[in-house]
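Each chain is listed here by its residues.
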Amino acid sequence: MEVRLVASDLDGTIIRADGTISPRTIEAFRHAREAGMHIVFVTGRPVRWLEPIREAFGHLGAVICSNGAVLYDLETERLLSAETIEPELLIEAKRIILQAEPGATFAAETTRGLHLEPGFADSAESARLDTVSTLDLRSAELRAEGVVKFLAKSRTRNSDDFMAAVAEDLGHLVSVTHSAFDVSLLEMAHVAVNKSVALAAYAANLGIDPGEVVAFGDMPNDLQMLAWAGHGYAMASGHRSALDAAAHRAPGVEDDGVACILEDILAANGQLPGER
């Protein structure tokens, strides 16, 4: 397997349930980079929530954030690009969601921060949040900052059911996915945005074909990326849809699944330390 680019989701893929990244995984990525492979992390997380990556890897590689809406260079700590959603589309998306789920609450990630409706975050979530603004979809501030991800939370349905209830009606306005087991949260972006679109553009800019990309993920927001990559691996601990979409399966996140596959690739090419 000739791999020139490693693309990995974060939560549930290399970030474990306790919020840490294992030493073995850190070493595997470092060895891959030393072997000449490009590294890009592809996540639903916003730029403001990348500290676990900095702590583990320092300034290694780039990050595609907000499910493909944002490209951020970790090496220079610069925002390179952002695909935003027009507020008018968000107002209509909110109306459609409330018809199906009247108790839904909403939030918006912008290029500068987080805007929340009252009641969106519970007390435990609020304690983990940085400074936030109150969400007003008609505000000049929101338009100026640029929304890269729109969030809707349900407290009566699970994520799969919530998405099934609204995704078709939202399809002409925004892209829709979800990425968490423990909260029913829909994640919406520009209608043309998903992880695979951003990853394909990133790879093309480097002159890298899909067949030279290995990708790892575990949730519905990884489906397109896992299908696009020439070597797509779903985590054994992941969502059923990810396991169905990927051509290959890696051991679960708690078993250092990504590290296992990277080590195998490096060993097969004689690129592990001591084998060069």
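Okay, so let's go over this structure. (Residues numbered from 1 in each chain as written. Predicted model: local features only at pLDDT ≥ 70, side-chain atom pairs only at ≥ 80, totals over all residues. Heavy atoms only, no water.)

### Topic: the pattern of salt bridges
- By the definition in use, this model includes 16 salt bridges.
- For R48, the salt bridge goes to E109, with nearest N and O atoms at 2.4 Å. With R48 in the loop between strand 2 (38–42) and helix 2 (51–57) and E109 in strand 6 (residues 105–110), the pair connects residues that are 61 residues apart, well separated along the chain.
- Judged by its relative accessible area of 4%, E109 falls in the buried class. (Salt bridge = Lys/Arg side-chain N within 4 Å of Asp/Glu carboxyl O. Helix = DSSP H or I, 4+ residues; strand = E, 2+ residues; numbered from the N terminus. Buried < 20%, exposed > 50% of the residue type's maximum accessible area, 1.4 Å probe, protein only.)

### Brief notes about the layout of surface pockets
- A volume near 1,400 Å³ is recorded for the largest pocket.
- Lining the largest pocket are 41 residues, and of these D11, W49, A180, D182 and V183 sit closest to its centre.
- For the lining of the largest pocket, the secondary-structure elements that each account for two or more residues are strand 7 (114–116), helix 4 (123–128), strand 9 (147–153) and strand 11 (185–190).
- Ranked by the residues each element gives to the lining of the largest pocket, the list is headed by strand 9, at three residues.
- Counted by class, the lining of the largest pocket contains 16 nonpolar, seven polar and 18 charged residues.
- Its boundaries defined by the atoms lining it, the second largest pocket holds a volume of some 290 Å³.
- Every residue lining the second largest pocket is counted, 22 residues in all, and those nearest its centre are M163, V176, T177, P220 and Q224.
- The set of elements that each furnish at least two residues to the lining of the second largest pocket consists of helix 6 (159–170), strand 10 (174–177), strand 11, helix 7 (195–205) and helix 8 (223–228).
- Its residues placed into classes, the lining of the second largest pocket shows ten nonpolar, nine polar and three charged. (1 Å grid on protein atoms, 1.4 Å probe; cavity = no way out; pocket = protein on both sides within 12 Å on 5 of 7 lines; lining within 4 Å. Points joined across faces, edges and corners; volume = space filled by probe spheres on them. Nonpolar A, V, L, I, M, F, W, Y, C, P; charged D, E, K, R; others polar.)

### Considering the nonpolar core
- V6, I14, F29, F41 and F57 are the most contacted members of the largest nonpolar core, which totals 39 residues.
- Listing elements by their share of this core, those giving two or more residues are helix 1 (23–34), strand 2, helix 2, strand 3 (62–65), strand 4 (70–73), strand 12 (213–217), strand 13 (231–235) and helix 10 (257–268).
- With six residues, the top contributor of residues to this core is helix 10.
- Beyond its immediate sequence surroundings of up to four residues, V6 is in contact with F29, M37, H38, I39, V40, V214, F216 and L262.
- Counting 22 residues, the second largest nonpolar core, distinct from the first, contains I85, A104, L173 and L186. (Core = buried A, V, L, I, M, F, W, Y, C linked by side-chain atoms within 4.5 Å. Contact = heavy atoms within 4.5 Å.)

### Some thoughts on empty space enclosed by the protein
- One pass over the structure, following the stated rule, counts one cavity of 30 Å³ or more.
- Of the volumes computed, that of the largest cavity is approximately 40 Å³.
- As for the largest cavity, its lining consists of T13, I14, R16, S22, T25, V253, D256, G257 and V258.
- Across the lining of the largest cavity, the residue classes tally to three nonpolar, four polar and two charged.

### What about the packing of helix 1 against helix 10?
- Running from amino to carboxyl end, helix 1 crosses helix 10 at an angle of 35 degrees, the nearest separation of the two axes being 9 Å. Crossing handedness for the pair helix 1 and helix 10: left-handed. Counting all contacts with helix 1, which are made through R24, T25, A28, F29, H31 and A32, the residues of helix 10 involved are V258, A259, C260, L262, E263 and L266.
- When its residues are assigned to classes, the contact of helix 1 with helix 10 shows eight nonpolar, two polar and two charged. (Axes fitted to C-alpha atoms, helices over the stretch in contact; angles between N-to-C directions. Left-handed = near helix turned anticlockwise from the far one by under 90°.)

### Quick notes on the side chain of N194
- Tracing the sequence through the fold places N194 in the loop between strand 11 and helix 7.
- Within the local environment of N194, its side chain forms a polar contact with the side chain of S196, the two groups lying 2.6 Å apart.
- A distance of 3.0 Å separates the side chain of N194 from the backbone nitrogen of V197, its partner in a polar contact.
- With residues up to four places along the chain from it excluded, the contact list for N194 reads N67, G68 and Q224. (Polar contact = N/O pair within 3.5 Å; in protein donor to acceptor, adjacent residues only side chain to side chain.)

### Points about the sheet that holds strand 5 (residues 78–82)
- A sheet is described by the order of its strands in space; here eight strands give the open sequence 5-4-3-2-1-12-13-14, paired in mixed fashion. Each of the sheet's edge strands pairs with one partner strand only, and the pair in question is strand 5 and strand 14 (248–250). Between one strand axis and the next, the sheet turns through 20 degrees on average, direction left out of account.
- Strand direction decides the pairing type here: strand 1 (residues 5–8) and strand 2, joined by four bridges, are parallel. Across the sheet, the residue bridging to A7 is V40, located in strand 2.
- Packing of helix 1 onto the sheet brings it into contact with strand 1 and strand 2, and relative to strand 2 it is tilted by some 135 degrees.
- Lying on the sheet, helix 10 is in contact with strand 1, strand 12, strand 13 and strand 14; it crosses strand 12 at an angle near 165 degrees. (Pairing = 2+ DSSP bridges.)

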